[in-house]
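Chain and residue survey
Listed below are the residues making up each chain.
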Amino acid sequence: MKDFSEIKEQVKAKLAEVADSEKLSDFWQTYLGKTGVISGLMKEMKSVPPEEKPLFGKAVNDVREWAQELYRTKQAEIKEFELKHRYEREAVDVTMPAAGSTQGNLHPITLIKQEMIEVFAGMGFEIFEGPEIEDDDHNFTRLNVLKDHPSRDMQDTFWLTDDLLLRTHTSPGQIRTMDMKKPPIKVLVPGKVFRSDSDATHSPMFSQLEGLVVDKGITLCDLQGMLDSFVQSIFSDTAKTRLRPSYFPFTEPSVEVDVSCFECGGKGCPLCKGTGWIEVLGGGVVNKKVLENCDIDPEEYSGLAFGIGIERIAMLKYGISHMGMLFENNLDFLSQFKA
């Protein structure tokens, strides 16, 4: 009968070399695992005479228990050793000053959006947020955009199906609001819009603020007075607006709105390209067909509407030269803006 002394010496020698949990795990697999050396001793059972098999099996189990006891002792030693070093490694010197942390701040688009909403909320506007995925009816048809209008083309609009698209403006919010309530109406529709356009001052995705007022006797004078208050609150107390004739399918008459240059006071500078004026938004009197499409009598009511690019206002106010900077998540750039 073997006493397995050679294997025991081997086990003791290997275990003495173990210095960490990883090597201890390797030791277990080598000697005590299912395919380990000690388990392999049972394969010799077939060559043992029948009358000696019980003794042989007991001897193998005795070796296993002996090795397991050595393993547990070594495991306790390593655990205590590693725990001690972990405590030393993670020790905190309470006399040292605390690590500094950077205070976060709102994104410039969020700051401008909130400021713009506050200005118009002070004029009595309510807030409505429509869906970013719109149907053709709300985004184009009921806003008097004809079937052959170029804005419907694939190069301008992100179509999802024959009828669904990523909204190209927040103007569909006008239709949804007029469907839900009747005049008097005074509503702002902020949100993201999507167009196939990208350069220094345009992005395929940007933010817009739509304004709609519907009541009796609304005229372009109301629009200009409202926008004068807006630019004075956002840019300068002395800012004023200028209306230039334009064309939009959903307003008639339509206007482009310029603000007097707040950098040079209208004298002419690089910001206003020497003209003294900066284009900021578009608007006009709501087209009678749009009112009719929402079952509002255009003979009794009139309205004004305007759309403002939030990034456009942010770039002007903060002197940002490229719209891409607003989307690059550069912390050095974003940390400059505080509420």
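Residues numbered from 1 in each chain as written. Predicted model: local features only at pLDDT ≥ 70, side-chain atom pairs only at ≥ 80, totals over all residues. Heavy atoms only, no water.

1. Brief notes about helix α7 (residues 172-180)
Let me state the cut-off plainly: Buried, partly exposed and exposed residues are distinguished by accessible area as a fraction of the type maximum, computed with a 1.4 Å probe on protein chains only: under 20%, between the cut-offs, and over 50%, respectively. Secondary structure elements are defined from DSSP: runs of H or I of at least 4 residues count as helices, runs of E of at least 2 residues count as strands, and each element is numbered from the N terminus. For this analysis, residues touch if any pair of their heavy atoms sits within 4.5 Å.
Within the sequence span of α7, burial applies to Pro172, Gly173, Gln174, Ile175, Thr177 and Met178. Its buried side turned inward, α7 meets β2 (133-135), α6 (136-139), β4 (185-194), β5 (205-215), α9 (288-293) and β9 (302-309).

2. Some words on the sheet that holds β5
Cut-off, in case you're wondering: When DSSP finds two or more bridges between two strands, those strands count as paired. Interaxial angles span 0 to 180 degrees and are taken between N-to-C directions of axes, which are lines fitted to C-alpha atoms, for helices over the stretch in contact.
Pairing is mixed in the open sheet, where seven strands are placed in the order β1-β4-β5-β9-β8-β7-β6. Either end of the sheet is taken by a strand with one partner, and the two such strands are β1 (126-127) and β6 (241-248). Two strands pair when backbone bridges link them, and β5 and β9 are joined in this way by eight bridges, in the antiparallel orientation. Note on β9: the bridge partner recorded for Asp215 is Ser302. On the sheet, helix α10 (residues 310-318) packs against β5, β8 (277-286) and β9 and is oriented at approximately 150° with respect to β8.

3. Concerning the layout of surface pockets
Defined as follows: Throughout, the protein atoms alone are placed on a 1 Å grid, and a set of points is a cavity if a 1.4 Å probe fits but cannot get out or a pocket if it is open with protein on both sides within 12 Å along at least five of seven lines; lining residues have an atom within 4 Å of a point. Grid points are joined across faces, edges and corners, and a volume is the space filled by probe spheres set on the points. Throughout this entry, Asp, Glu, Lys and Arg are counted as charged residues, while Ala, Val, Leu, Ile, Met, Phe, Trp, Tyr, Cys and Pro are counted as nonpolar. The remaining residues, Gly among them, count as polar.
The computed volume of the largest pocket comes to approximately 1100 Å³. Grouping the constituent residues of the lining of the largest pocket by class yields 15 nonpolar, 18 polar and eight charged. Reported here for the second largest pocket is a volume of approximately 400 Å³. Contributing to the lining of the second largest pocket are 19 residues, with Leu271, Lys273, Ile278, Arg312 and Leu316 lying nearest its centre. Mapped by element, the contributors of at least two residues to the lining of the second largest pocket are β6, β8 and α10. For the lining of the second largest pocket, the residue count by class is eight nonpolar, four polar and seven charged.

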